[in-house]
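An overview of the molecular structure
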Amino acid sequence: MVDDISSKPTGILSWLPRSLGFALPFMMIGLTVLGSAAVGVAAYGLSHSGLEEAGRQQLSTQADSSRKIFDMSMDRAVADLETMASGAAAKQALSDLSTMIESLPQDIPKVQEFFQQGATREERASVSGEGQGSMYAYRHVGFHGGISSAWQSGGYGDIYLVNAAGYIVYTVTKSADFLLTLDDPDVAGTGLAEAIAASTAADPGTRIVSEYQPYGLNGGEPALFLVRDVRGTVKNTEEIIGYVAIRLDASYFNTILNSGDDVSGQTFLINDKGMVLSDMPLADQPTALKLTISDAAIVGAATGGKVEASRVDEKGVSQISVAVPAPFLDKKWAIVAERSENDVMSAANSIFMAMMLVTLVVIAVASVIGILVSRSITKPVTRLTRTMDKLASGELDVDVEGTERRNELGAMARAVEVFRANGLKVAALTDEQKLASQQRRAEHAEMMQNLQRAFGNVLQSAIEGDFSARVAADFPDDELNALARSFNDLVEMVERGIGETGRVLSALADTDLTARVEGDFQGAFDKLKTDTNAVADKLVEIVEKLKHTSHGLKTATGEILSGANDLSERTTKQAATIEETSAAMEQLSQTVMENAKRAGSAADQAKHASQTAEEGGEVMTEANQAMERISASSTKISNIIGMIDDIAFQTNLLALNASVEAARAGEAGKGFAVVAVEVRRLAQSAAEASSEVKALIEQSGEEVAGGTKLVAEAAEKLSAILDAVRTNATEMEGIARDSREQASSIDEVNVAVRQMDEMTQHNAALVEQTNAAIEQTEAQASELDTIVDVFTLDGSAAGVASSLARRQAPRKAASSAQTTAATPARKPLSDGNAAIDQDWSEF
């Protein structure tokens, strides 16, 4: 029968140890390991998937924010290019500096030496040239401040003015390319020369962007040039008078793409060929134009849409990447934001390590409890089994241990003691009694076999992990029946203890922390109950702390998000106000420019009137001189008429003497007398005619004298008018010059207001990026709530409802933050947030 009891078990439990001392702790440890492993695997799976999705969403938000900042920065560069190219300052600078350079080419080395004394470009850019003494420096002072301000605020590499002849007449930093020509070997073939050549052939006002390539005059660093032509009127014809160019270096793109504090991730720029255009912050060396991305999906984002992918970088590190298209003019680029998978999953690994630690602690506690419980059960059972084996073999002098116990094991020991006492009594019987006793022994042996079979089946089931079996045999001996009942009670107690412990561990595996070991136990089972419940209570305490911490984190994040939303709203209002101010300044600038044009036109008309008045004065002078010549001629004619009168008078006397002599001659003198009479008559007619002519000449002289006087007075009046016109022309020129200077000043103020508007828009974009990061943090806190909420701490319906409410709260908060931008933000618990201070309402 012993062989039957100790025979090997069959079935799925054949791998269990045959000894009950090993089976009990082995089963308890196994159940604990299975439950803890289930909890750990579930928690790690949830955290892994949640963190991966959160990491991708964070990278997507980072890529979108970088794209907005990139677009704003490039739009600002284009706006600065347009402002400078269409403004009067650049045209005047090109005209003045070109005149200085082309008229005095021998002064170029001196000018270069003076402006290139600084060691850094900031030092060179700070030199305005005031007080230097040269004509170039004198002209340079007038506009350098405005252009250098745009250069500094925009973060550009440099700003160039190139005249139509190809001279680089101005740069902000006065680097190696200052005052060179486009035909210079160091300049020819660069992106600057090629972009200017393309601008010359393009339509007026076309913005040209060069290829992104190394620029030798800047140490071979990669550079991109934005170029636009500057047009002006030359001999009543609109022609190109020069070009404005803005240089964007790799540091420009590095600044706008990596302005955050995230040291575990990086953002960079690529083109449609996969070439990296900016430096990767996590790379050991500069990567601009030195590294190519081979992943086709990421490269395809430059010509397609947003892409989420994974790649292995040049160091062999697996990266999670998000790429968004970022086109600029005719360039097809993409912005890539990426982070290593190890950084993204670091929190999951921490959770996994924490769960592993908790699992190991639970396994260790369960192992100790299982060993103690099994030792407290199996040792007495083993001793009783050895004692029963000895009694069955006839050794009646053995000591039965454990009879003093007050549990089922003590009852079993006392029953065995009864067997030993009965055996001693049987040994003391007489022969007759021995004969009768042999029969009883045979019956007793059969009963013992039945007892051993019944107990063996129950023990075998217990070894196999089935504690539902009971000793069902009905023995004729009441003590054996009491032993069977005690043994059944023992098995039932073990089954109940292991079942309660298994139920609690199973609930823990199902994330239900409300289950506890119930019932009354004693000894090792009571310690098992206490330790198991203590483990559950400790887990409840840990999870409640996690919930409290998560709720506090979400509350603080909500307050920060509320303040950030308020700041975003105020920043948006401020940006709108500045935009309206910019529009008003532009309108005022246009009005002043129109007044300047009108003043210039009036000055031109005044100049024309002055020229006409001068020409009239000259005509009046000539007329006065002509009148004087006429007066002189009239005087000469009067003299000639007087001479004619004298001749007529003398002729008349001669004719009269001839008539007297003819009368004296008589008949011989009649013919001569007739001639004398005719001569006399002619002399009288000539005298009368000369008298009339003289009167007319005198009258003409008087008229000429009056005309001369009037012409002189008119000349004096015209001279006074000419002086007034000249004074008016001078004043109109001053007004036109002051109007141009005022328009230029207003234009500079307009540029400053526009830059302030753009910086405010930039700040608004940064606030939106901060809001997105805070919302992402709040979503991660809600995700942590979701992970912790899988543990059931309270079995009531209210606990479940609050868990569901906490899971839905982040989504409601995110949607309400977008739909209630016009409503005032709720007051936070703290008054220290400057973003929501009441003093900001003044803006």
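As the structure is a prediction and not an experimental result, all values here were calculated from the model.

A short note on the overall build of the chain
When helices and strands are tallied, the chain shows 17 helices and 10 strands. Sorting the 843 residues of the chain into buried and exposed places 40% on the buried side. Accessible surface for the chain amounts to roughly 44,600 Å². Of this, 55% is attributable to carbon and sulfur atoms.

A few points about the confidence of the model for the chain
Of all residues in the chain, 83% have pLDDT values of 70 or greater, and the mean over the chain is 76. In this model, residues 796-843 is a region of pLDDT below 50 whose contacts with residues beyond four sequence positions or in other chains number 36 contacts.

Quick look at the pairing of strand E8 (residues 307-312)
Burial along E8 is one-sided: the face carrying Val 307, Ala 309 and Arg 311 is buried and the face carrying Glu 308, Ser 310 and Val 312 is not. Inspection of the sheet shows E8 paired to strand E9 (residues 318-325) by six bridges, in the antiparallel sense. Its bridge partner being in E9, Glu 308 is matched across the sheet by Val 322. In sequence, E8 turns back onto E9 through a hairpin of five residues, with Gly 316 there showing a positive phi of about 80 degrees.

A look at the packing of aromatic side chains
Applying the stated criterion to the full structure yields 14 aromatic pairs. With 5.6 Å between their ring centres and 90 degrees between their planes, Tyr 212 and Phe 253 make a pair best called edge-to-face. On the criterion of sequence distance, the pair formed by Tyr 212 in the loop between strand E3 (208-209) and strand E4 (213-215) and Phe 253 in helix H8 (residues 250-257) is long-range, its members being 41 residues apart. The pair Tyr 212 / Phe 253 is uniform in exposure class, with both members buried.

So, the pattern of salt bridges
For side chains of opposite charge, pairing can occur when their charged atoms come near one another. All chains considered together, the criterion is met by 16 salt bridges. Measuring nitrogen to oxygen at the nearest pair gives 3.0 Å for the salt bridge that ties Arg 228 to Glu 82. With a gap of 146 residues between them, Arg 228 in strand E5 (residues 221-234) and Glu 82 in helix H2 (residues 20-86) connect regions that are remote in the sequence. Residues Asp 537 and Arg 516 are paired through a salt bridge, measuring 2.7 Å at the closest nitrogen-oxygen approach. Of the two residues, Asp 537 is situated in helix H15 (residues 523-665) and Arg 516 in the loop between helix H14 (478-509) and H15; the sequence distance between them amounts to 21 residues. On the basis of relative accessibility, which here comes to 40%, the residue Asp 537 falls in the partly exposed class. Counted as one network, the salt bridges with shared partners bring together Glu 82, Arg 207 and Arg 228.

Thoughts on the sheet that holds strand E10 (residues 333-340)
The pairing of strands in a sheet happens through backbone hydrogen bonds and is either parallel or antiparallel. The four strands are arranged E7-E10-E9-E8 in an open sheet whose pairing can be described as antiparallel. The open sheet terminates on both sides in strands that have one partner only, identified here as strand E7 (265-271) and E8. Each strand axis lies, on average, 30 degrees off the axis of its neighbour in the sheet, ignoring direction. Running at roughly 135 degrees to E7, H8 makes contact with E7 and E10 of the sheet.

Some remarks on helix H6 (residues 135-154)
Since the α-helix packs 3.6 residues into each turn, any two residues three or four apart lie on the same face. A rise of 1.5 Å per residue sets the reference length of H6, with its 20 residues, at 28 Å; its end C-alpha atoms lie 29 Å apart and thus fit the reference within 8%. Here H6 has its buried residues at Tyr 136, Ala 137, His 140, Phe 143, His 144, Ile 147, Ser 148, Ala 150, Trp 151 and Gly 154. Just past H6, the residue Gly 155 takes up positive phi, approximately 75 degrees.

What about the nonpolar core?
With 56 residues, the main nonpolar core has Phe 70, Tyr 136, Leu 161, Tyr 170, Leu 248 and Phe 253 as its most contacted residues. Top element by residues in this core is H2. It accounts for 10 residues. Apart from residues no more than four positions distant in its own chain, Phe 70 is found in contact with Phe 253, Ile 256, Leu 269, Ala 326, Trp 333 and Ile 335. The next biggest cluster of nonpolar side chains, apart from the first, holds 37 residues, and it includes Val 373, Leu 391, Phe 467 and Leu 480.

Brief notes about the environment of Leu 553
Topologically, Leu 553 is positioned in helix H15. Residues Leu 553 and Thr 777, spaced 224 residues apart in sequence, show a C-alpha to C-alpha distance of 9.0 Å.

Focus: the environment of Leu 656
For Leu 656, the location among the structural elements is in helix H15. Counting along the chain gives 24 residues from Leu 656 to Arg 680, while the straight-line C-alpha distance between them is 6.9 Å.

Description of the pairing of E7
On a regular strand, each side chain points to the face opposite its neighbour's, so the side chains alternate between the two faces of the sheet. The buried count for E7 comes to seven of seven residues, which makes it a mostly enclosed element. Side chains of E7 alternate between two faces, with Gly 265, Thr 267, Leu 269 and Asn 271 and Gln 266, Phe 268 and Ile 270 buried alike. Sheet analysis places E7 next to E10, joined by seven bridges and oriented antiparallel. Across the sheet, the residue bridging to Ile 270 is Ala 334, located in E10.

Brief notes about unusual backbone geometry
Although it is not a glycine, Leu 179 adopts a positive phi angle of roughly 65 degrees. Locating Leu 179 in the fold gives a position in the loop between strand E2 (168-171) and helix H7 (191-201). The exposure class of Leu 179 is buried, given its relative accessible area of 5%. Even without being glycine, Leu 329 reaches a positive phi, approximately 50 degrees.

Points about the environment of Ser 691
Note that Ser 691 resides in helix H16 (residues 670-789). Through-space distance from the C-alpha of Ser 691 to that of Ile 641 is 7.9 Å; in sequence the pair is 50 residues apart.

Overview of the packing of H14 against H15
Close contact between H14 and H15 brings their axes to 11 Å; oriented N to C, the two are set at 5 degrees. When the axis of H14 is compared with that of H15, the two are roughly parallel. Where H14 abuts H15, its residues Met 493, Val 494, Gly 497, Thr 501, Val 504 and Leu 508 lie against Phe 525, Leu 528, Thr 532 and Leu 539. Residue composition of the contact of H14 with H15, grouped by class: seven nonpolar, three polar and no charged.

Observations regarding H15
Helix length check: H15, at 143 residues, gives a terminal C-alpha distance of 207 Å against a target of 213 Å (1.5 Å per residue), a fit within 8%. Two residues or fewer after H15 comes Gly 666, characterised by a positive phi angle close to 85 degrees.

Points about a nonpolar patch on the surface
Together, Phe 649, Leu 653, Leu 656 and Val 660 make up an exposed nonpolar region whose accessible area comes to about 320 Å². You can see Phe 649 is positioned in helix H15.

Calculation rules
Once a new chain begins, its residue numbering starts again from 1 and follows that chain's sequence as written. Since the coordinates come from a predicted model, pLDDT governs what is reported: local features require at least 70, and pairs of side-chain atoms require 80 or more to be given and counted, while whole-chain, interface and lining totals use all residues. Hydrogens are left out, water is left out, and the side-chain values use all remaining heavy atoms of the structure. To qualify as a helix, a DSSP run of H or I must reach at least 4 residues; to qualify as a strand, a run of E must reach at least 2; elements of each kind are numbered from the N terminus. Classification of residues uses two cut-offs on accessible area relative to the type maximum, computed with a 1.4 Å probe and protein chains only: under 20% is buried, over 50% is exposed, and between them is partly exposed. Where accessible areas are quoted, they stem from the Shrake-Rupley method and a 1.4 Å probe; at the residue level, only the protein chains shown are allowed to cover. Summary of the metric used: pLDDT quantifies the predictor's per-residue confidence within the range 0 to 100. Any two residues whose heavy atoms approach within 4.5 Å are treated as being in contact. By definition, two strands form a pair when at least two bridges between them are found by DSSP. Within 6.5 Å between ring centres, the rings of Phe, Tyr and Trp (the latter by its six-membered ring) count as paired, and their orientation is classed by plane angle as stacked under 30 degrees, edge-to-face over 60, tilted in between. The salt bridge criterion pairs a side-chain nitrogen of Lys or Arg with a carboxyl oxygen of Asp or Glu, the two atoms within 4 Å. Lines fitted to the C-alpha atoms define the axes, with helices restricted to the stretch that makes contact. Angles between their N-to-C directions range from 0 to 180 degrees. For a helix, the expected span equals 1.5 Å multiplied by the residue count minus one. To define a nonpolar core, start from buried Ala, Val, Leu, Ile, Met, Phe, Trp, Tyr and Cys residues and group those joined through side-chain atoms within 4.5 Å. Roughly parallel refers to an angle under 35 degrees, roughly antiparallel to one over 145, roughly perpendicular to one between 65 and 115, and oblique to any angle outside these ranges. Asp, Glu, Lys and Arg are counted as charged, while Ala, Val, Leu, Ile, Met, Phe, Trp, Tyr, Cys and Pro are counted as nonpolar; the rest, among them Gly, fall into the polar class. Each patch is assembled from residues with relative accessible area greater than 30% and no salt bridge, linking like charges that lie within 9 Å and nonpolar side chains (Val, Leu, Ile, Met, Phe, Trp, Tyr) that lie within 5 Å.

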